[in-house]
Amino acid sequence: MSHTFQNLSEFEPEIARDRKALRRHLRDARRSLNTEQQTMAAIDLANTLRRHPRVMGARHIALYLPNDGEIDPGTFMAQSRRRGMHFYLPVLHPIHSGQLAFCHYDERTPMAPNRFGIPEPEFHHRLIKPAWSLDVILMPLVGFDEEGGRLGMGGGFYDRTLAFTRVRPRLRPALIGLAHELQRVDRLPVEPWDIPLDAVVTDGRIYRTG
């Protein structure tokens, strides 16, 4: 694929130190991929995910609908339903501000745009599955490094939602970031509240970080 940024050295030094600038550059990079490239990336991602034992041994998996050039896990989801896997989408929590809930999702799930304009399931308590009871959470990335560092969109929703894993590690689901290979950088500036990933899966390979 074109428009590949291999590491931070390809950015100006001030960009490497600035999460906002780095986020902007990486978002531009993934948005630059055309429809054909995104489709092929989704197919390659599905093939790579099937090589991850925690994913293929899971029954309850949270993932996301792609937005802003994110790599699409939809091909993997469509193929995996036949294996009896159940899928859940993140929903902005109506009570716990700044956190996510995970709602069961299939082709019949009623959807509505949230305040960011992103479609999400309508919130119903009976369809919500607690994060600690999920087997795997596949989350979108803006950038990642091979040490498990994750650069998100900057809202901190996943970090707040998964903060419980620091004090109750036995309840921790497998946390796997999904990204285009071009979103990899050598090293990310990490904040104390960042929840590290167990792995990153791209359209090219699996990075085991945990």
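The sections below set out a description of the structure shown in this document. Quantities reported herein were computed from a predicted structural model and do not represent experimental measurements.

## Describing the sheet that holds strand 1 (residues 60-62)
Item 1. One open sheet accounts for seven strands, arranged 3-2-1-6-9-10-11; its pairing is mixed. Where the open sheet ends on each side, the last strands, each with one partner, are strand 3 (100-105) and strand 11 (206-208). Taking the axes of each pair of neighbouring strands and ignoring which way they run, one obtains an average angle of 25 degrees across the sheet.
Item 2. Note: strand 1 against strand 2 (residues 86-92), three bridges, orientation parallel. Considered in strand 2, the bridge of Ala62 is made with Tyr88.
Item 3. Running over the sheet, helix 3 (residues 35-49) touches strand 6 (136-140), strand 9 (174-179), strand 10 (199-202) and strand 11 and is turned about 140 degrees from strand 10.

## Quick look at unusual backbone geometry
Across the chain, the bulk of peptide bonds are trans and the bulk of non-glycine residues have phi less than zero.
Item 1. In this structure, Asp68 takes a positive phi of about 60 degrees despite not being glycine.
Item 2. Residue position: Asp68 is located in the loop between strand 1 and helix 5 (74-80).

## So, the pattern of salt bridges
Where side chains of opposite charge bring their charged atoms close, a pairing between them can arise.
Item 1. Tallied over the entire structure, the rule returns nine salt bridges.
Item 2. Linking Asp68 and Arg27 is a salt bridge whose minimum nitrogen-to-oxygen distance equals 2.7 Å. Here Asp68, found in the loop between strand 1 and helix 5, pairs with Arg27, found in helix 2 (residues 19-31); they are 41 residues apart in sequence, far enough to count as distant.
Item 3. Overall, the relative accessible area of 17% leaves Asp68 in the buried class.
Item 4. As a salt-bridge pair, Arg172 and Asp198 come within 3.3 Å of each other at their nearest N and O atoms. In this pair, Arg172 sits in the loop between helix 7 (164-167) and strand 9 while Asp198 sits in the loop between strand 9 and strand 10, placing the two residues 26 residues apart along the sequence.
Item 5. By relative accessible area, Arg172 is classed as partly exposed at 23%.

Parameters at a glance
Residues numbered from 1 in each chain as written. Predicted model: local features only at pLDDT ≥ 70, side-chain atom pairs only at ≥ 80, totals over all residues. Heavy atoms only, no water. Pairing = 2+ DSSP bridges. Helix = DSSP H or I, 4+ residues; strand = E, 2+ residues; numbered from the N terminus. Axes fitted to C-alpha atoms, helices over the stretch in contact; angles between N-to-C directions. Contact = heavy atoms within 4.5 Å. Salt bridge = Lys/Arg side-chain N within 4 Å of Asp/Glu carboxyl O. Buried < 20%, exposed > 50% of the residue type's maximum accessible area, 1.4 Å probe, protein only.

Everything listed is a geometric property; what it means functionally is a separate question.
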